[in-house]
Amino acid sequence: MNLSFYKNKKVLITGHTGFKGSWMCELLLKEGAAVTGYALEPPTDPSLFDMLGLSEKINHVTGDVRDLEHMIKVFGEAQPEIVIHMAAQPLVRESYKDPVGTYATNVMGTVNICECVRQNPCVKSFVNVTTDKVYKNKEWEWGYRENEELNGYDPYSNSKSCSELVTSSYIQSFFNDMPVAVSTARAGNVIGGGDFAADRIIPDCIRAAQEGADIIVRNPYSTRPYEHVLEPVTAYLMIAMKQYEDKEKYAGHYNVGPNEEDCWTTGQLVTLFCDKWNEVTGDSIKWIDKYDGGPHEAGFLKLDCSKIKRVFGWTPCWNVTDTMESIVEWSAAYMRGEDVTVVTDKQIESFLQ
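Residues numbered from 1 in each chain as written. Predicted model: local features only at pLDDT ≥ 70, side-chain atom pairs only at ≥ 80, totals over all residues. Heavy atoms only, no water.

1. Some words on the overall build of the protein chain
Part 1 of the argument: What the protein chain contains, in helices and strands, is 13 helices and 12 strands.
Part 2 of the argument: For the protein chain, the C-alpha radius of gyration of 19 Å lies close to 20 Å, the compact-globule estimate for 353 residues.
Part 3 of the argument: Dimensions along the principal axes, computed over C-alpha positions, put the protein chain at roughly 60 × 45 × 40 Å.
Part 4 of the argument: Burial analysis of the protein chain (353 residues in total) assigns 58% to the buried set.
Part 5 of the argument: Partitioning the contacts of the protein chain with sequence separation of at least 6, the portion at a separation of at least 24 is 81%.
Part 6 of the argument: Put simply, the protein chain shows about 14,500 Å² of open surface, and 48% of that area lies on carbon and sulfur atoms. (Helix = DSSP H or I, 4+ residues; strand = E, 2+ residues; numbered from the N terminus. Rg over C-alpha atoms; globule rule 2.2 N^0.38 Å. Buried < 20%, exposed > 50% of the residue type's maximum accessible area, 1.4 Å probe, protein only. Contact = heavy atoms within 4.5 Å. Areas by Shrake-Rupley, 256 points an atom, 1.4 Å probe, with all protein chains shown as cover.)

Right under this line is the structure:
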């Protein structure tokens, strides 16, 4: 993939203050894109967005995807050519606490972004980012394909299934007759340096390491398709670029996940973290199994990514071990007080090579 395509391209990203959004902004800036971000303030403190100083480097707009009137105004001013929609309430457990807010953000937010795209002929390429959890989970060992039934169980997963359906409706009702290419991307479990969210396994590991405490793992036997954040970020940009150039050939629905051998249990992942962390720092952290009886979450989840590999010749760059080494490198540098922009840029360059 030649990211020089993005030089001087006007790109609007929703959810740019989040973990994935911050990595995407930094990558696009390195390629010379003109980036507009539309999102709430960073969802965590500390945040990668603030650490990278991104509010000073892009057109940073504070806004809520539920506010259609404001979004239309921003689109009118920015006149984006490419739109990547990542704004969401992204946590399963939070969706049980606030189902109404989750649906409002993830469903009506998608309606609003689709409406902004519909009203602005400047947009030539639009990618809606959803999740691997959109599929009706049958707890089987095979990877879900793009034509499988959509029906997430919990409010988060179900709201993202609805987001897919909203996008499909807009494609059939409006976008097919417009010069805009539209795809959805269903990513696996994204991990990497700079994630400070609650109820995510790698941030939990880092916080425990900071405190010198045992890592609490609430379900070590759940299997997930883990991948470094740069895998989906570059895949989204690849899809947006290729469908910009050829709508008929490339627009569609795509799974973005690791190779099958990188679908690990949570316990295996945390064991790898402990091994790599202790090796680099000389610590002796460990994890303990402490199931907390929380709400339902899928136990076994894999993605079949043969379509994106076939259509684009795409393949993951880093396996889970490579990914964990990058996480430990980033997090150890952060804890030593080093400039994380340097580490982030170094990892971007290494990944692209």
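2. Considerations on unusual backbone geometry
Part 1 of the argument: Between aspartate 45 and proline 46 the backbone carries a cis peptide bond, its omega angle lying at 10°.
Part 2 of the argument: Relative to the helices and strands, proline 46 is located in the loop between strand 2 (34-39) and helix 2 (48-51).
Part 3 of the argument: Even without being a glycine, asparagine 8 presents a positive backbone phi close to 70°.
Part 4 of the argument: Classification of asparagine 8 by relative accessible area gives exposed; the value is 59%.
Part 5 of the argument: One non-glycine residue, aspartate 199, adopts positive backbone phi at about 60°.
Part 6 of the argument: Structurally, aspartate 199 is set in the loop between strand 7 (189-191) and helix 7 (201-211).

3. Considering the sheet that holds strand 5 (residues 125-129)
Part 1 of the argument: The seven strands are arranged 3-2-1-4-5-6-10 in an open sheet whose pairing can be described as parallel. Looking along the sheet, the strands with just one partner apiece sit at the ends: strand 3 (59-62) and strand 10 (253-256). Recorded for the sheet is a direction-independent mean angle of 15° between the axes of neighbouring strands.
Part 2 of the argument: Sheet analysis places strand 4 (residues 82-85) next to strand 5, joined by four bridges and oriented parallel. Looking at the pairing, isoleucine 82 lines up with serine 125 of strand 5.
Part 3 of the argument: Sheet strands in contact with helix 1 (residues 19-30) are strand 1 (10-14), strand 2, strand 4, strand 5 and strand 6 (181-187), and its direction is about 170° off that of strand 1.
Part 4 of the argument: Taken strand by strand, helix 6 (residues 155-173) contacts strand 5, strand 6 and strand 10, and its axis lies near 165° from that of strand 6. (Pairing = 2+ DSSP bridges. Axes fitted to C-alpha atoms, helices over the stretch in contact; angles between N-to-C directions.)

4. Observations regarding the nonpolar core
Part 1 of the argument: By size, the foremost hydrophobic cluster in this structure holds 56 residues, and its most contacted members are Tyr6, Met24, Leu28, Ile84 and Ile308.
Part 2 of the argument: A per-element tally of this core places helix 8 (residues 230-245) first, with nine residues.
Part 3 of the argument: Counting residues in hydrophobic clusters, the runner-up holds 26 residues, among them Tyr38, Val61, Phe75 and Cys122. (Core = buried A, V, L, I, M, F, W, Y, C linked by side-chain atoms within 4.5 Å.)

5. Observations regarding helix 1
Part 1 of the argument: Its 12 residues place the ends of helix 1 17 Å apart at the C-alpha level, agreeing with the 16 Å of an ideal helix rising 1.5 Å per residue.
Part 2 of the argument: Extensive coverage of helix 1 is indicated by the burial of 10 of its 12 residues.
Part 3 of the argument: Regarding helix 1, the residues found buried are Phe19, Lys20, Gly21, Ser22, Trp23, Met24, Cys25, Glu26, Leu27 and Leu28.
Part 4 of the argument: Looking one or two residues beyond helix 1, the residue adopting positive phi is glycine 32, at roughly 85°. (Expected span 1.5 Å × (residues − 1).)

6. So, helix 6
Part 1 of the argument: Compared with an ideal rise of 1.5 Å per residue, which puts 19 residues at 27 Å, helix 6 spans 26 Å between its outermost C-alpha atoms and is within 8% of the ideal.
Part 2 of the argument: Taken across its 19 residues, helix 6 has 14 buried, putting it largely inside the fold.
Part 3 of the argument: Near the N-terminus of helix 6, the side chain that reaches the backbone nitrogen of tyrosine 156, with its oxygen 3.1 Å away, is that of aspartate 154. (Polar contact = N/O pair within 3.5 Å; in protein donor to acceptor, adjacent residues only side chain to side chain.)

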